[in-house]
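Structure assessment
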Protein chains: 2
Amino acid sequence: MQPWPRLGEEVAHHGDRTMVRRRYRRPDGGEAGFDITLHGETASVLALTNDGRVVLTRQFRPGPERVLLDLPGGFVDDGEDPTAAAARELREETGYAGDVRPAGRTTPNPYSTEVRHIFVATGCRRVEEPSTDVNEDVEVVLVSVAELRDLVRTDRLTVVDGTYLALDALGLL
Amino acid sequence: MQPWPRLGEEVAHHGDRTMVRRRYRRPDGGEAGFDITLHGETASVLALTNDGRVVLTRQFRPGPERVLLDLPGGFVDDGEDPTAAAARELREETGYAGDVRPAGRTTPNPYSTEVRHIFVATGCRRVEEPSTDVNEDVEVVLVSVAELRDLVRTDRLTVVDGTYLALDALGLL
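Residues numbered from 1 in each chain as written. Chains lettered and ligands numbered in written order. Predicted model: local features only at pLDDT ≥ 70, side-chain atom pairs only at ≥ 80, totals over all residues. Heavy atoms only, no water.

A few words now on the overall build of chain A. Tallying secondary structure elements over chain A gives three helices and 10 strands in all. Helices (α) and strands (β) of chain A occur, in sequence order from the N terminus, as β-β-β-β-β-β-β-α-β-β-β-α-α. By principal-axis analysis of the C-alpha atoms, chain A measures approximately 60 × 35 × 35 Å. The burial tally for chain A puts 51% of its 173 residues in the buried class. Pairs at least 24 apart in sequence give 56% of the contacts found in chain A among residues at least 6 apart. Counting only carbon and sulfur atoms, one obtains 45% of the accessible surface of chain A, whose full area is about 7300 Å². Between the averaged position of the 21 positive side-chain charges in chain A and that of its 30 negative side-chain charges there is a distance of 5 Å. (Helix = DSSP H or I, 4+ residues; strand = E, 2+ residues; numbered from the N terminus. Buried < 20%, exposed > 50% of the residue type's maximum accessible area, 1.4 Å probe, protein only. Contact = heavy atoms within 4.5 Å. Areas by Shrake-Rupley, 256 points an atom, 1.4 Å probe, with all protein chains shown as cover. Lys, Arg positive; Asp, Glu negative; His and termini not counted. Charge placed at Lys NZ, Arg CZ, Asp CG, Glu CD.)

In structure tokens form, the structure reads like this:
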């Protein structure tokens with residue numbers, strides 16, 4: 001099976017993110033169209049302290065309209081190395097820093113261009129105050145690995161793919 | 001920390017999916033606005049045969065523009081029980097049926113209303129031909145659990161959260 005040839009792409013909506021209409025040639029010769037969200041690459045990090053605590057963030061999420069936990073993370077800036085982005089987001093959102101290394105990546109949505117780069121950070125310690133962003137209102141929460149396993153099983157954290165991938169890379173599953 | 005009060009919601013774009021602009025009252029008294037994708041609930045199922053094979057689908061995905069594997073699944077119809085939706089999608093996409101039971105759910109995107117219901121199905125066997133959908137062009141692929149573990153680690157499957165959650169529920173991590 002091969003990728004379908006793209007016939008065209010037009011902007012359908014500009015907002016926080018851009019949505020485009022893409023048209024493809026199907027294998028049977030017909031045409032198919034899909035709305036696709038253009039989305040930058042993101043970097044998320046499972047950060048472990050030397051005493052076995054995981055550094056998470058907690059914030060209000062407007063899609064589900066729930067307060068949820070998350071791995072620290074955010075967009076990779078243009079030209080930025082994803083590992084550097086993970087370290088930067090960890091430091092900005094939580095004030096923690098450690099030894100950051102790649103744990104894999106995921107393609108979480110078939111109708112979005114999003115790629116999630118996942119990292120683990122070990123030996124983490126708090127080195128500064130978190131930066132404040134009035135639109136985020138982020139709290140820092142420390143949990144044990146056993147608590148994290150329970151949180152991903154019970155839908156209280158958004159980056160479930162990245163959390164399992166990072167725990168897998170750390171040999172903690 | 002509490003959910004932020006919603007001040008309003010206006011449609012920003014209608015297409016395959018609807019995007020709305022939601023406005024909230026921030027805890028500091030200011031206003032925040034977010035583009036949110038309205039998305040139905042979905043159901044995905046990790047289907048195991050009696051000889052330990054996992055039933056996957058493979059298709060071209062227009063967001064990443066790659067051919068990727070996936071757990072069988074799709075939208076839950078209005079008023080449909082998510083377990084019934086998982087069984088229906090498994091049968092339609094792959095022709096397999098088995099004993100379907102819940103394994104959890106995920107909230108994969110902070111800026112979408114999507115909820116993914118995840119299921120495991122055991123004792124699966126092929127009971128009919130898959131239904132054909134010209135816009136999907138789905139292939140059925142059988143892999144071992146060890147191969148599935150490798151596929152999720154190497155970004156060759158889209159529902160990584162659901163796959164890990166289902167393997168966790170089955171005690172296969």
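With that settled, consider the sheet that holds strand β3 (residues 31-38) of chain A. Residue and element names in this part refer to chain A. Taken together, three strands build an open sheet; the order of strands is β1-β2-β3 and the sheet is antiparallel. Of all strands in the sheet, those with a lone pairing partner are β1 (6-14) and β3, marking the two edges. In this sheet, neighbouring strand axes are inclined to one another by 20° on average, regardless of whether the strands run parallel or antiparallel. The sheet contact formed by strand β2 (residues 18-25) and β3 spans eight bridges and is antiparallel. Paired with R25 across the strands is E31, a residue of β3. (Pairing = 2+ DSSP bridges. Axes fitted to C-alpha atoms, helices over the stretch in contact; angles between N-to-C directions.)

Bringing the sheet that holds strand β3 (residues 31-38) of chain B into the picture now. Residue and element names in this part refer to chain B. An order of β1-β2-β3 is seen for the three strands of this open sheet, with the pairing classed as antiparallel. If you trace the sheet from one side to the other, it starts and ends with β1 (6-14) and β3, each paired once. The average undirected angle you get between the axes of adjacent strands in this sheet is 20°. Note that β1 and strand β2 (residues 18-25) share seven bridges and pair antiparallel. Its bridge partner lying in β2, E9 is registered against R22.

A separate point is the packing of aromatic side chains. Under the criterion given, the structure shown has 11 aromatic pairs over all chains. Both rings, one in W4 of chain A and one in F60 of chain B, keep their centres 5.3 Å apart while their planes meet at 25°; by these two values the pair is stacked. Placement of W4 of chain A in the segment before β1 and of F60 of chain B in strand β5 (residues 53-61) is noted, with the two residues assigned to different chains. Take W4 of chain A: its relative accessible area is 6%, and that puts it in the buried class. Connected via pairs of aromatic rings, a cluster forms that spans W4, Y24, F34 and Y111 of chain A together with F60 of chain B. (Phe/Tyr/Trp six-rings, centres within 6.5 Å; stacked < 30°, edge-to-face > 60°.)

Take chain A, turn it by 180°, move it 0.0 Å along the axis, and it overlays chain B with an RMSD of 0.0 Å. Both copies are brought into coincidence by an operation consistent with a two-fold rotation axis. Measuring from the rotation axis to each C-alpha of chain A, the shortest distance belongs to D161 of chain A, at 2.0 Å. When the interface residues of chain A are mapped onto chain B, 100% of them again fall at the interface, so both copies present the same face. (Least-squares fit on C-alpha atoms with pLDDT ≥ 70 in both.)

A water-sized probe, rolled over the atoms, reveals where empty space remains. Going through the model one piece at a time under the given rule, you end up with two cavities of 30 Å³ or more. Looking at the largest cavity, its volume works out to about 140 Å³. For the largest cavity, the lining is made up of 13 residues, of which T37 and N109 of chain A together with T37, N109 and S112 of chain B are closest to its centre. Among the residues forming the lining of the largest cavity, the class breakdown is two nonpolar, eight polar and three charged. The calculated volume of the second largest cavity comes to roughly 50 Å³. (1 Å grid on protein atoms, 1.4 Å probe; cavity = no way out; pocket = protein on both sides within 12 Å on 5 of 7 lines; lining within 4 Å. Points joined across faces, edges and corners; volume = space filled by probe spheres on them. Nonpolar A, V, L, I, M, F, W, Y, C, P; charged D, E, K, R; others polar.)

With 60 residues of chain A at the contact, the number on the chain B side is 60 residues. Between chain A and chain B, a total of about 5500 Å² is buried, with carbon and sulfur atoms accounting for 53% of that surface. The three residues of chain A that bury the most area against chain B are M1, F60 and T107 of chain A, which together make up 13% of that side's buried surface. Where chain A packs against chain B, one counts 12 salt bridges. With a shortest N-O distance of 2.9 Å, D16 of chain A and R21 of chain B are connected by a salt bridge. Between the two partners, chain A and chain B, sit 34 residue pairs in polar contact (both at pLDDT 80 or more). At the level of secondary structure, the elements contributing two or more residues to the side of chain A that touches chain B comprise β1, β2, β3, β5 (53-61), β6 (66-70), β8 (96-106), α2 (145-153) and α3 (160-169) of chain A. (Buried area = accessible area lost by both parts, 1.4 Å probe. Salt bridge = Lys/Arg side-chain N within 4 Å of Asp/Glu carboxyl O. Polar contact = N/O pair within 3.5 Å; in protein donor to acceptor, adjacent residues only side chain to side chain.)

Moving on, we come to the layout of surface pockets. Approximately 650 Å³ is the volume attributed to the second largest pocket. Around the second largest pocket, the lining comprises 32 residues; the ones closest to its centre are P110 and Y111 of chain A together with R61, G74 and F75 of chain B. Listed by contribution, the elements that provide at least two residues to the lining of the second largest pocket are β4 (42-49), β5, β7 (73-75) and α1 (82-94) of chain B. With four residues, the top contributor of residues to the lining of the second largest pocket is β5 of chain B. The residue makeup of the lining of the second largest pocket, split by class, is 12 nonpolar, 10 polar and 10 charged.

Keep in mind these numbers describe shape, not what the thing actually does.
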